[in-house]
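# A closer look at the structure
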Amino acid sequence: MTIHSAPAHRVASLPAAASGATVGPSAVDVAMDRALDLAARGPATGANPRVGCVLLSPTGDVIAEGWHRGVGTPHAEVDALTRLASVRGTDVARGATAVVSLEPCDHTGRTGPCSQALIDAGVARVIYTVDDPGRTSGGGAARLRAAGVEVVAGIRAEAAEAFLRVWLTSARLGRPFVTVKWASTLDGRAAASDGSSQWITGGAARWDVHARRRLADAIAVGTGTVLTDDPRLTARGDDDSSGAVQPVPVVIGRRAIPPEARVRAHPRGLIETGTRDIDAVLRELDGRGIRHLFVEGGPTLASAFVAAGLVDEYLVYLAPALLGGPGLALGDIGVDTIADARRLAIDSVDRLGDDLLVVARPQARPTSAEGRH
């Protein structure tokens, strides 16, 4: 859908003030919900967050909207300002209110700082959800305040935290958000005693995995999985063809990958880490702009991530079957007593055909920082 700069709808009739307008709470909520909707139009993968922006006139009219379309393209605030200028000319944003789904950035990367663009446009007020946690990209609010722009933060913060969970986690921790996935029987087995594992779950669960792969920047397995299963590591569509959106394949481990391995034909190329050092792998991937890593290796790799405390999301596909035996979905994760159990919070439980998908997360997580590019 094309978003036009002309005022397509009205948030509220707002009383004028010396700075331009006094935007009421309900009007701001409506505009922020719209900004979050616009943000969702941007790509789910990539180094940058999905951000939307709504520009309100001093009387509460929506005069422009914008959103970020990916790395190297104008950020949402600049997109909205550009659309406005293209229709109404320069200086029309003076006195306006910018409602943004994330703190405007304050650094020059592939694009300039949005904070300065808003100042230059004469915007009187900026309202946003949560702070940008990046060491280099954050700080836009401070620059805006220093320039005399009124700034309000924390509007729809909970919704923004949920919407931007992957990116915010990655930016705060300085590493990719890590999703670990496995499929097992109800008794926790990922393989039979003879090593066979295809297929534990049914078709609906397997297609759900492919849909979730497409939401990640990269997909990781261990060298053992490549040597045993020879996977393609692609995200396939309903017609069993590889879609246009593909995660980058990552193979973790020291063993060499055969030249004829199917993963070498992946359309995104292949990252061979040459190490089992998970921290080093995550640092490298973060440096490559990978913000979401989908770990889909066997029990050895999954257990290593769990033991290291580096899992942000668990996807556990449960089949109504029993296998018994040694083929557990997880191995040693460093838990010797029930008091040390890694407790999880369950986000959702969904039925996929005859199978169940349990989505869970750790109950607590540390924070740190990196940011937008």
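Provided above is the structure to which this section pertains.
Overview of the structure. Please read all numbers here as calculations on a predicted model, not as lab measurements. (Residues numbered from 1 in each chain as written. Predicted model: local features only at pLDDT ≥ 70, side-chain atom pairs only at ≥ 80, totals over all residues. Heavy atoms only, no water.)

### Structural notes on the nonpolar core
In this structure, L55 and A98 are the most contacted members of the largest nonpolar core, which totals 31 residues. Of all the elements in the fold, those that place two or more residues in this core are β1 (52-56), β2 (62-67), α2 (76-88), β3 (97-100), α3 (114-121), β4 (125-128), α4 (140-146) and α6 (165-173). In terms of residues, this core owes the most to one element, α2, which gives four residues. Discounting residues that sit within four places of it in the chain, L55 has contacts with D61, V62, I63, A64, A80, L81, L84, T97 and A98. Counting 30 residues, the second-largest nonpolar core is a separate cluster that includes V180, V248, V250 and I271. (Core = buried A, V, L, I, M, F, W, Y, C linked by side-chain atoms within 4.5 Å. Buried < 20%, exposed > 50% of the residue type's maximum accessible area, 1.4 Å probe, protein only. Helix = DSSP H or I, 4+ residues; strand = E, 2+ residues; numbered from the N terminus. Contact = heavy atoms within 4.5 Å.)

### So, the pairing of strand β13 (residues 355-362)
Here is the key point about a regular strand: its side chains alternate between the two faces of the sheet. Across the eight residues of β13, six count as buried, placing the element largely inside the fold. Looking at chain direction, strand β12 (residues 344-352) and β13 are connected through eight bridges and run antiparallel. When the bridges of β13 are listed, L352 appears paired with D355. (Pairing = 2+ DSSP bridges.)

### What to know about the sheet that holds strand β5 (residues 150-152)
Across the sheet, five strands lie side by side as β2-β1-β3-β4-β5; this open sheet has mixed pairing. Both outer strands of the open sheet, β2 and β5, are each paired with one neighbouring strand and no more. On average, adjacent strands in this sheet sit at an angle of 15° to one another, irrespective of strand direction. One ladder, built from four bridges, connects β3 with β4; its direction is parallel. Counted as the bridge partner of V99 is I127 from β4. The sheet strands contacting α2 are β1, β2 and β3, and the helix crosses β2 at an angle near 135°. (Axes fitted to C-alpha atoms, helices over the stretch in contact; angles between N-to-C directions.)

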